[in-house]
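Here is what each chain is made of, one letter per residue.
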Amino acid sequence: MTIIVTGGAGFIGSNFIFHMLAKYPDYRIICLDKLTYAGNLSTLADVMDNPDFRFVKADICDREAVEQLFAEEHPDIVVNFAAESHVDRSIEDPGIFLQTNIMGTAVLMDACRKFGITRYHQVSTDEVYGDLPLDRAELSFTETSPLRPSSPYSSSKASADLLALSYKRTYGLPVTISRCGNNYGPYQFPEKLIPLMISNALQDKPLPIYGSGENVRDWIYVDDHCKAIDMIIHKGKVGEIYNVGASCEMRNIDIVKLICKELGKQESLITHVTDRKGHDMRYAVDPTKIHNELGWLPETKFADGIKKTIKWYLENRKWWEDIISGEYQNYYEKMYGNR
Ligand code: NAD
Ligand code: DAU
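Residues numbered from 1 in each chain as written. Chains lettered and ligands numbered in written order. Predicted model: local features only at pLDDT ≥ 70, side-chain atom pairs only at ≥ 80, totals over all residues. Heavy atoms only, no water.

Q: Is there a simple way to explain the site of ligand 1 in this structure?
A: Lining the immediate surroundings of ligand 1 are 29 residues, of which Ile12, Asp33, Ser85, Tyr153 and Lys157 lie closest. One nitrogen or oxygen atom from the main chain of Ile12 is found 2.8 Å from an oxygen atom belonging to ligand 1. Measuring from an oxygen atom of ligand 1, one finds a backbone N or O atom of Phe81 at 3.1 Å. Within the complex, 97% of the 840 Å² of free accessible area of ligand 1 lies under protein. Of all the elements in the fold, those that place two or more residues in the shell around ligand 1 are helix H1 (11-23), strand S5 (119-125), helix H5 (152-171) and strand S7 (182-184). Ranked by residue count, the leading element in the shell around ligand 1 is S5, at 3 residues. Grouping the constituent residues of the shell around ligand 1 by class yields 13 nonpolar, 11 polar and 5 charged. (Near = heavy atom within 4 Å. Polar contact = N/O pair within 3.5 Å; in protein donor to acceptor, adjacent residues only side chain to side chain. Areas by Shrake-Rupley, 256 points an atom, 1.4 Å probe, with all protein chains shown as cover. Helix = DSSP H or I, 4+ residues; strand = E, 2+ residues; numbered from the N terminus. Nonpolar A, V, L, I, M, F, W, Y, C, P; charged D, E, K, R; others polar.)

Here is the structure:
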């Protein structure tokens, strides 16, 4: 079995590669990644010399490079993690989100049609459903909920989902889609809430909460997401969408207070800053379908997962300190300087 994993030098893709190489010693895993600001080769250092693994630096929008890789490797399965993934960046500059997240998905699926595969899996997000109100705790999104994305990022992901479903219907491409909630765990780029707050707290820098901090996200430990994708590509039904979530809703402010407590830092570091434009209030996905059809259940409780995550950032300071010592400084000043 040969699997191309796109975006495997990023957060979830790298964790997926580690999971697959450990679980399936007879599989060949190829990572195709452009190495944008979010992609980090040091993340893959432990598997670079693994004979079952190959890294290829390429853009999923580059048709020639993608087709060349397919011609060389003849993959059975393609799992597409490659994306511009940060909502705040999409608000600043949507163009690259449309290019990578929509056009890149089309290029990959065209190569799948041309060379033939047994499965194309699109890694999508719960953000395609838009948000829910804070005062209706009984509501959650199912796979049949309408698509109502709020940001350029989530609109580009919803577009890619629609394109994938159209390739299934029109060309018979064997497509599956997963829509997962907010992931946390090792190797997450420190622009996202949890790693940003951990790294800022460790440097005694202000912890910038957008608006009131009452916004709710549905958190899942990254390994549980990877295991869900593993199940979907092996046992999931072609043409189906699977929501993935650990039913773990938390307010941003409570997460940041918990991080302060775990690190022994004062809550006075918390600073309320100007809210994100169009900020989604609450996400919650109903994972009943993947549980009933594939037997998937999350294994990591938030209380344990957040401790493991904090421990990882404490023990791997070089990984994130290298990131925040470079271009990240300009990003941080631009996004937070006058907030
Ligand atoms: P990430 O930003 O950490 O990593 C993205 C990776 O894609 C990077 O390695 C980057 O170099 C690569 N990439 C970007 N543009 C590329 C291109 N044009 N060609 C090839 N590679 C390219 O993202 P993540 O948080 O790991 O998310 C991975 C996927 O999962 C995304 O599709 C995202 O929409 C989805 N998702 C993320 C979450 C989350 O909480 N992080 C939740 C649900 C779904
Ligand atoms: O729900 C899945 C999505 O989760 C994925 O599709 C996205 O790729 C991923 O980035 C994530 O999107 P969010 O916008 O929910 O994640 P982020 O970590 O950027 O923000 C989480 C919440 O924290 C959100 O309500 C905004 C808030 N926040 C974020 C940052 C970076 C702050 O209050 N301060 C911050 O500095």
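Having seen the structure, we can now continue with the description.
Q: Just to check I follow, could you spell out the site of ligand 2 for this structure?
A: Around ligand 2 there are 25 residues in total, and Asp126, Tyr153, Arg276, His279 and Tyr336 lie nearest to it. Residue Asn182 places a side-chain N or O atom 2.7 Å away from an oxygen atom belonging to ligand 2. Side-chain polar atom of Asn252 to an oxygen atom of ligand 2: 2.8 Å apart, as the coordinates give it. When ligand 2 is considered free in solution it has 690 Å² of accessible area, and contact with the protein chains removes 95% of it.

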